[in-house]
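# Analysis of the macromolecular model
Each chain, letter by letter, is given below.
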Amino acid sequence: MRLAAAAGILRPTAALLFRSRPQRLLPSLRRSSLPLARRRRHSYSSTSTALDDPPPTTTAPNVPPSPSPPQPEVQGGGGGVKAARRRARESPEGVLKRQLDLCSRDADLPTALALYDAALDPATAVPLSIYHYNCLLYLCSNAAAGESADPDPDAVKRGFEIFARMEAQGVEPNEATLTSVARLAAARRDPAMAFSLVRRMAAAGTPPRLRTYGPALFSYCDAGDAVGAGEVEAHMDAAGVVPEEAELAALLRVNASKGRAGEVYRLLHRMRTLVRQVGETTAEVVEAWFQSDAAAEAGLEQWDARKVRDGVVKGGGGWHGQGWLGKGQWNVGRSEMDRNGKCHRCAEKLVCIDIDPSETETFAKSLTELACKREVREDFLRFQEWLRRNGPFDAVIDAANVGLYNSKAFSFSQVNSVVNGIQRITKSKKLPLIVLHRSRVNGGPAKLPQNQKLLEGWRNAGALYPTPPGSNDDCFFPRWKEKHQVRLTYSGRGPTFHLPPPYSIVTQESEAGSWHVPTTTGDDIENPRQWVCATRKFPVESSAPQRARLSEVGW
């Protein structure tokens with residue numbers, strides 16, 4: 001159940017979302033017949049090419065499949081459709097399709113090429129469709145990139161031969177086709193060609209996707225061509241394609257290696273906006289930059305403190321955007337924050353960057369639109385009306401998550417202990433909103449007398465909302481959740497609540513010029529999150545507040 005209306009009816013700055021632990025998001029897979037490219041082990045991770053009809057054995061569920069090949073048009077009833085499908089399966093084209101499916105599943109390029117050669121032989125000729133070509137190009141690009149179990153050294157050459165014949169036969173390439181060919185171009189270290197394929201696609205009216213840009217972007221970065229990589233990034237921006245961490249890290253690396261301090265500064269801020277917390281590989285790229293001579297040379301020895309302060313205010317806190325402040329070597333290392341957001345290494349205190357009222361309104365509207373598109377409209381409107389009658393609430397409980405915490409069987413008493421604990425925290429006479437699927441309200445342990453009594457009490461208090469079948473409660477705005485989600489652990493003594501930190505877990509640039517970049521390492525309750533801390537070793541006169549903090553921690 002999507003709690004869009006809750007964003008408007010809950011008190012925005014006080015509402016707390018209680019969950020026992022972060023939900024695991026399971027990718028939904030649909031039935032298909034060809035595998036997606038496996039997750040790359042190097043810089044081409046986002047360029048995986050899906051074929052027209054991928055199989056359920058995919059190992060890259062984040063890459064959406066291309067449309068399935070069109071089915072033959074048939075006349076008559078159900079029997080005619082079945083017969084036509086059977087004929088299609090048993091035709092030479094259908095048999096070849098199934099054989100290529102097996103090759104794709106097994107990453108068997110040699111057999112696929114043998115089938116292709118046989119299809120071109122006049123004695124065993126088979127008409128080739130875009131599906132066949134895409135399968136062959138997919139296998140060639142995988143082998144060329146080193147993803148095949150048995151890489152073919154001629155994969156690039158054969159791939160381009162297959163693409164040339166496809167065009168000569170007048171078969172129109174689609175996005176999956178051109179992505180595979182772009183990967184072939186990248187494999188032979190030709191980023192310009194890979195980029196030209198993206199531009200060709202855009203000119204033809206086919207919107208490029210992130211995976212389509214990947215071969216050109218990563219190839220330029222691997223070649224140390226920061227200018228070419230920047231042109232790809234600009235093209236992505238114009239097409240409305242948003243880079244993810246892998247792309248931003250590659251751009252950061254190539255610009256850092258060329259000493260382009262201005263671009264590194266821009267990319268760090270773009271990463272702050274789009275990624276928030278970074279993985280280990282990206283963290284190492286950030287550390288390498290701050291340890292470089294170029295980073296030591298970049299910056300102003302004197303700056304306008306008023307401009308910096310105004311930039312912080314305009315940005316909502318946590319960054320100023322005025323460029324590098326100070327000069328000299330950086331002191332870089334991993335750190336942790338204390339409960340108040342004070343860095344253990346440099347004593348800099350992080351700030352809280354909450355969403356403002358306009359963002360809250362946008363959040364509520366977008367979630368409402370999403371819910372009305374994906375769920376039964378009447379169910380959602382019924383929930384909104386229920387909230388108007390019974391709200392507002394100070395907190396929301398994901399009761400299914402709480403009731404199953406550390407247990408295979410759903411526990412109503414566990415939920416009730418959290419309800420009582422929330423009331424103690426909020427000091428409210430009103431119960432929190434308890435969200436629970438209708439099946440758990442009506443069946444199983446719910447039928448036991450003691451649980452019936454609890455349910456009845458929650459209903460009478462106007463605090464229980466049973467969600468209908470097909471609903472989902474996992475759509476919450478990340479920035480809102482970061483500041484309002486309360487995690488809990490449970491023991492024999494009852495629940496222990498872990499309130500959200502009083503600071504934002506996002507890259508922060510201080511008024512004194514220091515940087516703190518949060519990583520995804522140690523992000524659970526027991527292990528403190530690791531941050532990259534970068535502070536000038538020898539701050540100049542203009543950064544006296546920073547020098548005082550360094551003195552405080554003994555630097």
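All of these numbers come straight from a predicted model, not from anything done at the bench. (Residues numbered from 1 in each chain as written. Predicted model: local features only at pLDDT ≥ 70, side-chain atom pairs only at ≥ 80, totals over all residues. Heavy atoms only, no water.)

Summed over the entire model, instances satisfying the criterion amount to 19 salt bridges. One salt bridge connects Asp 237 with Arg 270, and the closest N-O pair in it is separated by 2.7 Å. Here Asp 237 is found in helix H10 (residues 226-239), whereas its partner Arg 270 is found in helix H12 (residues 261-274), with 33 residues between them in sequence. In this structure Asp 237 comes out as partly exposed when scored by relative accessible area, which is 37%. (Salt bridge = Lys/Arg side-chain N within 4 Å of Asp/Glu carboxyl O. Helix = DSSP H or I, 4+ residues; strand = E, 2+ residues; numbered from the N terminus. Buried < 20%, exposed > 50% of the residue type's maximum accessible area, 1.4 Å probe, protein only.)

Take the environment of Ala 294 next. By the element assignment, Ala 294 lies in helix H14 (residues 293-297). Setting aside anything within four residues of it in sequence, one finds Ala 294 in contact with Gly 259 and Trp 289. (Contact = heavy atoms within 4.5 Å.)

To continue, consider the confidence of the model for the chain. Taken over all residues, the pLDDT of the chain has a mean of 80, while the share at 70 or more is 74%. Considering only residues more than four positions removed or in separate chains, one finds that residues 1-77, a stretch of pLDDT under 50, has 222 contacts. Every residue in residues 549-555 scores below 50 in pLDDT, and together they form 20 contacts with partners more than four places removed in sequence or on other chains. (pLDDT = per-residue confidence, 0-100.)

Our next topic: the pairing of strand S10 (residues 531-536). For S10, a buried count of six out of six residues is recorded, marking the element as mostly surrounded by other parts of the structure. Residues Trp 531, Cys 533 and Thr 535 line one face of S10 and the alternating positions Val 532, Ala 534 and Arg 536 line the opposite face, and both faces are buried. Inspection of the sheet shows strand S2 (residues 330-335) paired to S10 by six bridges, in the antiparallel sense. Following the sheet pairing, Asn 331 is matched in S10 by Thr 535. (Pairing = 2+ DSSP bridges.)

Attention now goes to the nonpolar core. Nonpolar side chains tend toward joint burial in soluble globular proteins. By size, the foremost hydrophobic cluster in this structure holds 76 residues, and its most contacted members are Phe 290 and Trp 324. Ranked by residues supplied to this core, first place goes to helix H5 (residues 130-144) with eight residues. Counting residues in hydrophobic clusters, the runner-up holds 24 residues, among them Val 402, Tyr 405, Phe 410 and Leu 431. (Core = buried A, V, L, I, M, F, W, Y, C linked by side-chain atoms within 4.5 Å.)

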